[in-house]
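# Structural overview
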Amino acid sequence: MKKLYRYLSPLLILALMLGSLPVVAAPAPAGGMITTQEALAAERSQSDRERIHAVLARDDVREQLVAQGVDPAEVEDRVAALSDAEAAQMAERLDQMPAGASVVGALFAVFVILLVTDILGLTNVYPFTR
């Protein structure tokens, strides 16, 4: 067993020494390293453009564009020409704009509020709550 230790000890010491040496990294790309923030900004920009294209691809939006005399292909070209900041601003505005679904949500909220107040006896709107 001592003979085995005598042969393995220098090999293990050498392996540990080589493992602790710094590794030379690959040379940096010509444009430099890309930071995490830059990568996230590029991904966010792409998702903003996809959201804009998804809204513009809807049939009701295309009908309104044609009704206003705007060519949908021209709109697609202009969206493609937007800078990243402009695309982010437009996507943010699209999120803030009211849509038809918000009317349904508002009506459902009014129904629930009236139902709860009717169950508590504060209103007399729904006869099935008694």
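Details of the structure are given in the entry above.
Residues numbered from 1 in each chain as written. Predicted model: local features only at pLDDT ≥ 70, side-chain atom pairs only at ≥ 80, totals over all residues. Heavy atoms only, no water.

Turning next to the overall build of the protein chain. Helix and strand content of the protein chain: six helices and zero strands. Counting from the amino terminus, the protein chain carries its helices and strands in the arrangement α-α-α-α-α-α. By residue count, 12% of the 130 residues in the protein chain fall in the buried class. (Helix = DSSP H or I, 4+ residues; strand = E, 2+ residues; numbered from the N terminus. Buried < 20%, exposed > 50% of the residue type's maximum accessible area, 1.4 Å probe, protein only.)

Together, Met1, Leu4, Tyr5, Leu8, Leu11 and Leu12 make up an exposed nonpolar region whose accessible area comes to about 660 Å². Structurally, the position occupied by leucine 8 is in helix H1 (residues 2-20). (Patch = residues over 30% accessible without salt bridge, like charges linked within 9 Å, V, L, I, M, F, W, Y side chains within 5 Å. Areas by Shrake-Rupley, 256 points an atom, 1.4 Å probe, with all protein chains shown as cover. Salt bridge = Lys/Arg side-chain N within 4 Å of Asp/Glu carboxyl O.)

Bringing the side chain of serine 45 into the picture now. Locating serine 45 in the fold gives a position in helix H2 (residues 36-56). Looking at serine 45, its side chain comes within polar contact range of the side chain of aspartate 84, at 2.7 Å. (Polar contact = N/O pair within 3.5 Å; in protein donor to acceptor, adjacent residues only side chain to side chain.)

Take the side chain of glutamate 76 next. The topology assignment puts glutamate 76 in helix H4 (residues 72-80). One polar contact links glutamate 76 to histidine 53, side chain to side chain, over a distance of 2.6 Å. Those residues in contact with glutamate 76 that sit more than four places away from it in its chain are His53, Leu56 and Arg62. (Contact = heavy atoms within 4.5 Å.)

Take the pattern of salt bridges next. Close approach of charged atoms lets side chains of opposite charge pair. On inspection of all chains with the given rule, the structure shows three salt bridges. For aspartate 48, the salt bridge goes to arginine 51, with nearest N and O atoms at 3.7 Å. Of this pair, aspartate 48 and arginine 51 both sit in helix H2, three residues apart, which is roughly one turn of that helix. Look at aspartate 48 and you get buried, because its relative accessible area is 6%. Note on arginine 51: relative accessible area 31%, which makes it partly exposed. Between glutamate 76 and arginine 62 there is a salt bridge, with its nearest N and O atoms 3.7 Å apart. A residue pair is termed long-range when its members are at least 10 positions apart, and glutamate 76 in helix H4 and arginine 62 in helix H3 (residues 59-67) qualify at 14 residues.

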